[in-house]
Amino acid sequence: MTWTGGIWGRGLGLAALLSLAACGITGVDDGMATSPAPPTRPDVVEVPFQVPVDLVPSDASRALAVHYRRVENDLLARGLLRTDGGGPDTTFTDTILARNFVRIALFDEFVATDQGLEARPTISRLRRWEQPVRFTIDYGATIPDAQRTKDSADIRTYVSRLARVTGHPMSVTDTNPNFHVLMLNEDDRLGYGDRLRALVPGIDDRSVRAFLDVPRDTLCLVLAFSRDGSSDYDQAVAVIRGEHPDLMRLACIHEELAQGLGLANDSPRARPSIFNDDEEFGLLTTHDELLLQMLYDDRLQTGMSAAEAAPIARVIASELMNSGPS
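Parameters and conventions
Residues numbered from 1 in each chain as written. Predicted model: local features only at pLDDT ≥ 70, side-chain atom pairs only at ≥ 80, totals over all residues. Heavy atoms only, no water. Helix = DSSP H or I, 4+ residues; strand = E, 2+ residues; numbered from the N terminus. Expected span 1.5 Å × (residues − 1). Buried < 20%, exposed > 50% of the residue type's maximum accessible area, 1.4 Å probe, protein only. Pairing = 2+ DSSP bridges. Salt bridge = Lys/Arg side-chain N within 4 Å of Asp/Glu carboxyl O. Core = buried A, V, L, I, M, F, W, Y, C linked by side-chain atoms within 4.5 Å. Contact = heavy atoms within 4.5 Å. Polar contact = N/O pair within 3.5 Å; in protein donor to acceptor, adjacent residues only side chain to side chain. Phe/Tyr/Trp six-rings, centres within 6.5 Å; stacked < 30°, edge-to-face > 60°. Axes fitted to C-alpha atoms, helices over the stretch in contact; angles between N-to-C directions. Parallel < 35°, antiparallel > 145°, perpendicular 65-115°, else oblique. Nonpolar A, V, L, I, M, F, W, Y, C, P; charged D, E, K, R; others polar. pLDDT = per-residue confidence, 0-100. Left-handed = near helix turned anticlockwise from the far one by under 90°.

**Observations regarding helix H2 (residues 59-77)**
The α-helix advances 3.6 residues per turn, and as a result positions three or four apart in sequence lie on the same side.
Then step 1. Taking 1.5 Å of rise per residue, 19 residues should cover 27 Å, and H2 covers 27 Å from first to last C-alpha, within 8% of that figure.
Then step 2. Glycine 79 sits one or two residues past H2 and shows a positive phi near 80 degrees.

What follows is the structure, encoded as structure tokens:
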């Protein structure tokens, strides 16, 4: 048996990194957002990183936590990481929805090379799960109990939403899981290679390296695998940095679990959407729910090419825009 896999992730745009380098915590960079800011912006509060009394993370992990807190504050100050799902400022048509579906569901975002992950959108086939998706949550040893409780509740709530939207059976269970959600601090992740090989027997070395050698600007990623070259997913592993503050962790949960279901690519033209590297939206939007409904519509078949799927997607998009999300 051989496995083929795709790798997708949420990363920081260059503008965000440059802004942080220039001013330390927050700043203004007109090139960061390509769309209007929402009517209101959440208050930005600098919360110092606190070491839990029962844990002593490494200096590297503590430094990452400080860095990602500053990143979140920077994004919020720009009106990004929206949680409103879209509104009057983000209208779209059935034509736009169908176009976005083809770009997001029928292209890969990254390819794995010997040097690591390379951002290279590549045309693919329609991939999704035919079997029930059984999520489980694995926590690194340095993740504190309070964070585990919050993340477990968030993931269960989100999986229920994904199951409702797609109509596909999904659950959170420790019985024969096939989608592992890993919440790991840097201390946990760097020694996770053997565990990853146990979770996905036969995983190739490039995928393991992509998991272990994650640059700081990659916030989270998911690896999804098909058996023997098929387009039907059998296994997936998402890794989310435990050092993220609450909203960034939740944003990673939303994007990586949805991408691991088959919405593999990002598009700069998708709005309102989390499948857009501009970080305008942090959480799954109404537009993204429609994409998931389309992906799991019975009229589309796993393994379809873009040419085969596009005309069907246009019909489904037209119907959904007349009825709205479920």
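What follows picks up the thread again.
**A short note on the pairing of strand E4 (residues 133-139)**
Then step 1. A large share of E4 lies buried, amounting to seven of its seven residues.
Then step 2. The alternating pattern of E4 places Val133, Phe135, Ile137 and Tyr139 on one face and Arg134, Thr136 and Asp138 on the opposite face, and all of these are buried.
Then step 3. In this structure, E4 lies alongside strand E5 (residues 170-172), joined through three bridges in parallel fashion. Paired with phenylalanine 135 across the bridge in E5 is valine 172.

**Re the pattern of salt bridges**
Where charged atoms from two side chains of opposite charge approach closely, those side chains can pair.
Then step 1. In total, this model carries 21 salt bridges according to the counting rule given.
Then step 2. Here aspartate 297 makes a salt bridge to arginine 299, at a shortest N to O gap of 3.0 Å.
Then step 3. Put simply, glutamate 319 and arginine 299 hold a salt bridge, and the shortest N to O gap is 2.8 Å. With glutamate 319 in helix H10 (residues 306-323) and arginine 299 in the loop between helix H9 (286-295) and H10, this residue pair connects regions lying 20 residues apart in the sequence.
Then step 4. One network of salt bridges, with partners in common, ties together Arg82, Asp84, Asp89, Arg271 and Glu280.

**With respect to the nonpolar core**
Then step 1. Counting residues in hydrophobic clusters, the biggest one holds 71 residues, and the most contacted among them are Phe101, Phe135, Ile155, Phe179, Leu257 and Leu261.
Then step 2. In this view, isoleucine 155 contacts Ile137, Val172, Val181, Met183, Ile253 and Leu257; residues no more than four positions away in its chain are not counted.
Then step 3. With 16 residues, the next largest nonpolar core counts Leu199, Val214, Val237 and Val239 among its residues.

**Here's the deal with the environment of asparagine 178**
Then step 1. Within the secondary structure, asparagine 178 is located in the loop between E5 and strand E6 (179-184).
Then step 2. Remark: the alpha-carbon pair of asparagine 178 and tyrosine 233, spanning 55 residues in sequence, is separated by 9.4 Å.
Then step 3. In this structure the side chain of asparagine 178 is engaged in a polar contact, spanning 3.1 Å, whose partner is the backbone oxygen of proline 132.

**Describing the environment of leucine 162**
Then step 1. Positionally, leucine 162 belongs in helix H4 (residues 145-166).
Then step 2. When the C-alpha positions of leucine 162 and leucine 292 are compared, they lie 8.1 Å apart, and in sequence the two are 130 residues distant.

**Details of the packing of aromatic side chains**
Then step 1. Under the definition given, this model contains four aromatic pairs.
Then step 2. A ring pair is formed by tryptophan 129 and phenylalanine 179, whose centres lie 6.1 Å apart and whose planes are at 25 degrees; its orientation type is stacked. One end of the pair, tryptophan 129, is in the loop between strand E3 (116-123) and E4; the other, phenylalanine 179, is in strand E6, and 50 residues separate them in sequence.
Then step 3. Residue phenylalanine 179 is classed as buried on the basis of its relative accessible area, which comes to 0%.
Then step 4. Relative to phenylalanine 211, the ring of tyrosine 192 lies with its centre 6.0 Å away and its plane at 35 degrees, an arrangement referred to as tilted. Within this pair, whereas tyrosine 192 is found in the loop between helix H5 (186-189) and helix H6 (193-199), its partner phenylalanine 211 is found in helix H7 (residues 205-212), the two being separated by 19 residues in sequence.

**Quick notes on the packing of H2 against helix H8 (residues 246-259)**
Then step 1. Two elements in contact, H2 and H8, have axes whose closest approach is 9 Å; the angle formed by their N-to-C orientations is 80 degrees. Classified by the interaxial angle, the pair formed by H2 and H8 is roughly perpendicular. Where H2 abuts H8, its residues Tyr68, Val71, Glu72 and Leu76 lie against Asp246, Leu247 and Met248.
Then step 2. Here the residues of the contact of H2 with H8 are counted per class, giving five nonpolar, no polar and two charged.

**With respect to the confidence of the model for the protein**
Then step 1. When pLDDT is averaged along the protein, the result is 84, and 79% of the positions lie at 70 or above.
Then step 2. Counting interchain partners and residues more than four positions distant, the pLDDT-below-50 stretch residues 1-5 has 19 contacts.
Then step 3. Below a pLDDT of 50 lies the segment residues 13-54, which in the model reaches 61 contacts outside its immediate sequence neighbourhood of four places, other chains included.

**Looking at the pairing of strand E7 (residues 218-227)**
Then step 1. Most of E7 sits out of view: nine of its ten residues are buried.
Then step 2. Here E7 pairs with strand E8 (residues 233-241) via seven bridges, running antiparallel. Bridged to valine 222 within E8 is alanine 238.
Then step 3. Linking E7 to E8, which pair antiparallel, is a turn of five residues; within it aspartate 228 sits at a positive phi near 55 degrees.

**Digging into H9**
Then step 1. Most of H9 is tucked away: nine of the ten residues are buried.
Then step 2. Restricting attention to buried positions, one finds in H9 the residues His287, Asp288, Glu289, Leu290, Leu291, Leu292, Gln293, Met294 and Leu295.
Then step 3. Where the residues of H9 are buried, they touch helix H3 (94-105), H4 and H10.
Then step 4. For H9, the N-terminal capping position is held by threonine 285, with its side-chain oxygen 3.4 Å away from the main-chain nitrogen of histidine 287.

**Section: the packing of H3 against H10**
Then step 1. In contact at an axis separation of 8 Å, H3 and H10 are set at 145 degrees when each is read in the N-to-C sense. The handedness of the crossing between H3 and H10 is right-handed. Contacts between H3 and H10 involve Asp94, Leu97, Ala98, Phe101 and Val102 from the first element and Ala306, Ala310, Ala313, Arg314, Ala317, Ser318 and Met321 from the second.
Then step 2. Class assignment for the residues of the contact of H3 with H10 results in nine nonpolar, one polar and two charged.

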